[in-house]
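Architecture at a glance
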Amino acid sequence: MTKHKSPQGKHQPTDAKSQSLESFRAHADGEALRTNQGVKIADNQNTLRAGARGPSLLEDFIMREKITHFDHERIPERIVHARGSAAHGVFRVYESQAELTRAGFLQDPAKETPVYVRFSTVQGPRGSSDTVRDIRGFATKFYTDEGNFDLVGNNVPVFFIQDAIKFPDFVHAVKPEAPDEMPTGGTAHDTFWDFVSLVPESAHTVIWAMSDRAIPRSLRTMEGFGVHTFRFVNAKGHARFIKWHWRPVLGSYSLLWDEAQKIAGKDPDFHRRDLWEAIERGDYPEFELGVQVIEESDEHKFDFDLLDPTKLVPEEEVPVKIIGKMTLNRNPDNFFAETEQVAFHPGHIVPGIDFTNDPLLQGRLFSYTDTQISRLGGPNFHEIPINRPVCPYQNNQRDAMHRQTLNVGQASYEPNSVSGGWPKETQPKDGGFESYQERMDGVKIRVRSESFADHFSQATMFYHSMSEPEKDHIKAAYTFELGKVTKPEIRERQVNAILANIDADLAASVAQALGLPKPKAGAKPGKPRTASSPALSLLNRVQPGIKARKIALLTAPGADPAMLTRLRDAFALEGATALVIAPTLAPIGDLAPDATITGMPSVMFDAVFVPGGEKATEALAESGDARHFVLEAFKHLKAIGALDTGRLVLSAAQLPDHADGVANGDEAELERVLKEFIEAAGQHRVWSRVAQTLAVPA
Ligand code: HDE
């Protein structure tokens, strides 16, 4: 029998989900190797044969069991969102939300609800790179006392299509192309742009996908959104519309496109590693939960339809009310068992939360159970440890593939008398789920509501809400992606039929970069009621300080290890992590470098600091790799610090003597240099340096 013990040396929170997983944890320490039937294995090296050099025997049940199990180790990956990384955590509401909802986990600030969160990319397969340009999934399972509630959202607040029936078309177009299975993890190909240029309702989400939001700096600094309008229902039965938001406490940041592409090669697990390491260090990622609340009587007060998932509710019109905080505090024990097998579903709701008639949401309510049946091999996927509720669940469902529960008793039907009628229904007043009683009065018809017809106004609003650097990135992203499209008519259609209707300057600029004629006048850029929503610009989401930033201490043998330690401690005091990066892993005094210059290039850091030491900095100044390291950091608008002879490395890389976000000075000026460096690094990027970087090579 498999023995279950507590994991050793690992931080083990005692939340309800962790406890419920305990009986499933298998630890092999001190255990004999056995077959799945419990037989102890004497030889795990050799197949049973007829003679030392003879054929293998079919009789070898040990070898056959092992190979058979191995042959079936993989399950189908998710059709979309195949690549994901996840973590356990807890959620607490700040104060009771009883006025808004009866949901139990939103009542009591003393109550901790376990959660499991899976972040994902959409397009690529399980093994694709983390930093591709893509929308990210942000799915949270709340294991509440009233059952599991899944908030299955994305890191952008809108979606590409308005009706679920278009989802297979959209996914077929965005996925790698049918003939050659290319490209992996990207939208820069013909079929994606063919589809979106023919489907104007995609315009708003596509511009989000072309913005910095689609290349996040880390999973810890991504916002999350429920996308659809949902409902809160309170104990009196009063319902209001809501939009879900997740806000990272660290603020929201993005990579630059050049960095993202390079990181995809240098460390395809960049985001996964960052999340994992942060949790192992005890730097627990935190996200605040927010809701925009809209009275039902205000349903028609907007210049768009609340049921249209291609629209967001500008925060300037309805503020986001922050109601609680989620802390991710434990890495999974086993990637497959938890992250791969977790099954989210927007239809997993609890009393106090309800749906709306958003036609995309309605279709999702069908899709998510259906897909698990083939992905997880039958309808019993709720029994997989990561998917089990922490509250009891009894019903009369029975049997089917992979059933694990041993239902005891004669009755598997209701009503029954043989089991005293159990399990029994619960009245809504006692916690039984009751759907919100929405009045329905309609004709059975396949039609798109007229109120869904404006596809450009919010795309225009989004573009106009961006800062100048963000606008430039959007232009560059359209140009990059459309530049990869092989059919000229698709490029032209995207520019003339879509971009020209978003913004004339955007369309003209992309047209010029693609060598296309300037789009003809006559387009009708959208006219949103909220012309610009500052809340949408990432530059307005920067949080002061350098907490959670990664700083490279670029150095070499000959540097003063005491100074390296001093710098590392100074950054640690501010919550940042500094790594010593050197030409080789040879010790610098008593200090072992964390990585080599080529092994961990500057694209993997938020800022670079070059301490002094004549011998060390001479070696760095002569090293092409070291010069490239600082040059690239400069080009990527990172804060750079140089102390004493460290300045030689900057001048050897031909960086300008005076540039924004470059702090330098003698050792005697350490305090000032550190202060300036930390201030610049706190901005995440030195945007004012853009013009100076144009002459710097990639
Ligand atoms: Fe999904 N989506 N989706 N989706 N989705 C899946 O479910 C689907 C949509 C989202 O980490 C699948 O278990 C349809 C919007 C996330 O495991 C599948 C439609 C949003 C994840 C599916 C949508 C999402 C999925 C694939 C249009 C943001 C990953 C495997 C009607 C609000 C969850 C699976 C995880 C996964 C269907 C649209 C988010 C096939 C039919 C809109 C975060 O069931």
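Keep in mind that this is a model prediction, so the values were computed, not measured.

Moving on to the coordination of the iron atom of the ligand. For a metal with four tetrahedral donors the ideal donor-metal-donor angle is 109.5 degrees, while six octahedral donors give ideal angles of 90 or 180 degrees. A lone protein donor binds the iron atom of the ligand: Y368 (OH), at 1.8 Å. Mapped onto the secondary structure, Y368 falls in helix α9 (residues 359-375).

Attention now moves to the packing of aromatic side chains. As enumerated under the stated definition, the model contains 30 aromatic pairs in all. With 6.1 Å between their ring centres and 10 degrees between their planes, F142 and W246 make a pair best called stacked. Highlighted residues: F142 in strand β3 (residues 136-144) and W246 in strand β7 (residues 239-248), separated in sequence by 104 residues. Each member of the pair F142 and W246 is classed as buried. Among the aromatic residues, ring-to-ring pairing joins F91, F105, F119, F138, F142, F149, F232, W244, W246 and F287 into one connected group. A cation over an aromatic ring shows up here: K141 above the ring of F344, its NZ or CZ 5.3 Å from the ring centre. Against the face of Y253 rests R549, its NZ or CZ located 4.5 Å from the ring centre.

Take the site of the ligand next. Taken together, 22 residues surround the ligand, and among them R78, R118, R364, Y368 and Q372 come closest. A distance of 3.1 Å separates an oxygen atom of the ligand from a polar side-chain atom of S367. Listing elements by their share of the shell around the ligand, those giving two or more residues are β3, β4 (147-154) and α9. No other element matches the six residues that α9 contributes to the shell around the ligand. For the shell around the ligand, the per-class residue count stands at ten nonpolar, nine polar and three charged.

Once that is clear, we can look at the UniProt feature "domain: Catalase core" (unreviewed entry) in the protein chain. As annotated in UniProt, the feature "domain: Catalase core" (unreviewed entry) corresponds to residues 34-422 in the numbering used here. For the annotated span residues 34-422, helix accounts for 21% and strand for 19% of the residues, and the straight-line distance between the end C-alpha atoms is 41 Å.

Take the domain arrangement of the protein chain next. For interface size, the figure often reported is the accessible area lost on association. Domains assigned within the protein chain are domain 1 (49-164 + 208-387) and domain 2 (544-693). Taken together, the contact pairs 17 residues of domain 1 with 18 residues of domain 2. The junction of domain 1 with domain 2 conceals about 1500 Å² of combined surface from both sides, 52% of it contributed by carbon and sulfur atoms. There are five salt bridges connecting domain 1 and domain 2. Our count for the contact surface shared by domain 1 and domain 2 stands at eight residue pairs in polar contact (both at pLDDT 80 or more). A per-element tally of the side of domain 1 that touches domain 2 places helix α6 (residues 257-266) first, with five residues.

So, on to unusual backbone geometry. That bond from M182 to P183 is cis: its omega, -5 degrees, falls within 30 degrees of zero. Position of P183 relative to the elements: it lies in the loop between α3 (167-174) and α4 (190-198). Following E414, the chain continues into P415 via a peptide bond in cis, with omega recorded as 5 degrees. On the secondary structure map, P415 appears in the loop between α9 and α10 (457-464). For E181, which is not glycine, the phi dihedral falls at a positive 55 degrees.

A separate point is the pattern of salt bridges. Counted according to the given criterion, the structure contains 47 salt bridges. Residue D150 pairs with K141 through a salt bridge whose shortest N-O separation is 3.0 Å. K141 carries the same exposure label as D150, and that label is buried. A single salt-bridge network, built from bridges that share partners, covers R83, D130, D267, D269 and R273.

As a further point, take the side chain of S211. Relative to the elements of secondary structure, S211 occurs in the loop between α5 (203-209) and β5 (224-225). Excluding residues within four positions of it along the chain, S211 makes contact with R133, F462 and I474.

The next thing to look at is the packing of helix α15 (residues 614-622) against helix α16 (residues 624-635). In the contact formed by α15 and α16, the axes pass within 5 Å of each other and the chain directions differ by 85 degrees. Of the possible angle classes, the one that applies to α15 and α16 is roughly perpendicular. Of α16, the residues touching α15 (which contributes L620, A621 and E622) are G624, A626 and R627. For the contact of α15 with α16, the class distribution of residues is three nonpolar, one polar and two charged.

The rules behind the values
Residues numbered from 1 in each chain as written. Predicted model: local features only at pLDDT ≥ 70, side-chain atom pairs only at ≥ 80, totals over all residues. Heavy atoms only, no water. Donors = N, O, S within 2.8 Å, 3.2 Å for Na, K, Ca; no water. Helix = DSSP H or I, 4+ residues; strand = E, 2+ residues; numbered from the N terminus. Phe/Tyr/Trp six-rings, centres within 6.5 Å; stacked < 30°, edge-to-face > 60°. Buried < 20%, exposed > 50% of the residue type's maximum accessible area, 1.4 Å probe, protein only. Lys NZ or Arg CZ within 6 Å of the ring centre and 35° of its normal. Near = heavy atom within 4 Å. Polar contact = N/O pair within 3.5 Å; in protein donor to acceptor, adjacent residues only side chain to side chain. Nonpolar A, V, L, I, M, F, W, Y, C, P; charged D, E, K, R; others polar. UniProt positions renumbered as here; feature names shortened; annotations may be inferred. Domains from an automatic or database assignment. Contact = heavy atoms within 4.5 Å. Buried area = accessible area lost by both parts, 1.4 Å probe. Salt bridge = Lys/Arg side-chain N within 4 Å of Asp/Glu carboxyl O. Axes fitted to C-alpha atoms, helices over the stretch in contact; angles between N-to-C directions. Parallel < 35°, antiparallel > 145°, perpendicular 65-115°, else oblique.

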